Amino acid sequence: MIFLFLGVVIPWRGYTRLKKLLARPSVDTKEKLALYAVTIAFQWMLVGVVVWRSLVRGLTIDELGLGSHSWARVAASGLFGAVFIGGLQWLNLRRIGKTEGEAPELLRKLANRLLPVNFLEYLPYAVLAITAGVCEEFIYRGFAIAAFSKAGLPLWLVVIVSSILFGLAHAYQGRGGIVSTGIFGVLLAIGRLGFGSLVPVMMWHAGLDLAAGIAAPRYLLKQTTSS
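Quantities reported herein were computed from a predicted structural model and do not represent experimental measurements. (Residues numbered from 1 in each chain as written. Predicted model: local features only at pLDDT ≥ 70, side-chain atom pairs only at ≥ 80, totals over all residues. Heavy atoms only, no water.)

## Considerations on the packing of helix α1 (residues 2-22) against helix α4 (residues 102-114)
Working step 1: Across the interface, α1 lies against α4 with an axial gap of 10 Å and an inter-helix angle of 85°. Taken together, the axes of α1 and α4 lie roughly perpendicular to each other. Packed against α1, whose contacting residues are L18, L21 and L22, the element α4 presents L106, K109, L110, R113 and L114 at the interface.
Working step 2: The residue inventory of the contact of α1 with α4, partitioned by class, reads six nonpolar, no polar and two charged. (Axes fitted to C-alpha atoms, helices over the stretch in contact; angles between N-to-C directions. Helix = DSSP H or I, 4+ residues; strand = E, 2+ residues; numbered from the N terminus. Parallel < 35°, antiparallel > 145°, perpendicular 65-115°, else oblique. Contact = heavy atoms within 4.5 Å. Nonpolar A, V, L, I, M, F, W, Y, C, P; charged D, E, K, R; others polar.)

This is the structure:
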């Protein structure tokens, strides 16, 4: 049931909510803060359900990627990776800001309605970004990988299936968003398996989203405001 929810309900929910947002000419600060709060609450509630199912399935801390024998190495890898991936995200958004087309235009519309444009909006957005890093990694790289592995799937298929689910969760970003997020999911899955811990990939994921919250409005919205 959880995987049906992740593969069908989550993409549908995100897509329908986005259609409503895109149909509106703008989203003000109050509406953005409410959206951030609802999303944060929803993700932690979903994690609560997943934790419950993990206990029922008898999944261990190590199987879920929450155990480590070298916290210093894990933390250092997480910090370095977060800065590196955040930097790549910054450069990519700067590149997209200079391009035209259907995909860049969708990203501009998303940035206009979802991302912070001032410090008041960025603070709760940062909480949302960290929440997404922790919660989504626990769900897709912790629970999903552990459950699929325990079901006997080969490791390569575990990585692919969990990454597909992760990509579908970002269906609101369009086809390109599904593909790029799915590929990023493969990288995160490899990192989680390589380090034997979720902590580095949680930090990588949060670093990507935190960088997007600063860079996307800066590079994607300037054309919107000047046109």
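## What to know about the pattern of salt bridges
Working step 1: Under the criterion given, the structure shown has five salt bridges.
Working step 2: With its nearest N and O atoms 2.2 Å apart, the salt bridge here joins R24 to E31.
Working step 3: What makes R24 partly exposed here is its relative accessible area of 35%.
Working step 4: Residue class for E31 comes out partly exposed when judged on its relative accessible area of 26%.
Working step 5: Salt-bridge contacts for R141 lead to E137; the nearest nitrogen and oxygen are separated by 2.7 Å. A residue pair is termed a helical-turn pair when its members lie 3 or 4 positions apart in one helix, as R141 and E137 do in helix α5 (residues 119-150) at four residues.
Working step 6: According to the relative accessible area criterion, R141 is buried, its value standing at 0%.
Working step 7: Taking the relative accessible area as the measure of exposure, E137 reaches 0% and is therefore buried.
Working step 8: Via salt bridges that share partners, E100, E105 and R108 belong to a single interconnected network. (Salt bridge = Lys/Arg side-chain N within 4 Å of Asp/Glu carboxyl O. Buried < 20%, exposed > 50% of the residue type's maximum accessible area, 1.4 Å probe, protein only.)

## Thoughts on a nonpolar patch on the surface
Working step 1: On the surface, a nonpolar cluster with roughly 590 Å² of combined accessible area is contributed by M1, L4, V8, V9 and W12.
Working step 2: Among the structural elements, M1 can be located in the segment before α1. (Patch = residues over 30% accessible without salt bridge, like charges linked within 9 Å, V, L, I, M, F, W, Y side chains within 5 Å. Areas by Shrake-Rupley, 256 points an atom, 1.4 Å probe, with all protein chains shown as cover.)

Worth remembering: the numbers are spatial, not functional.
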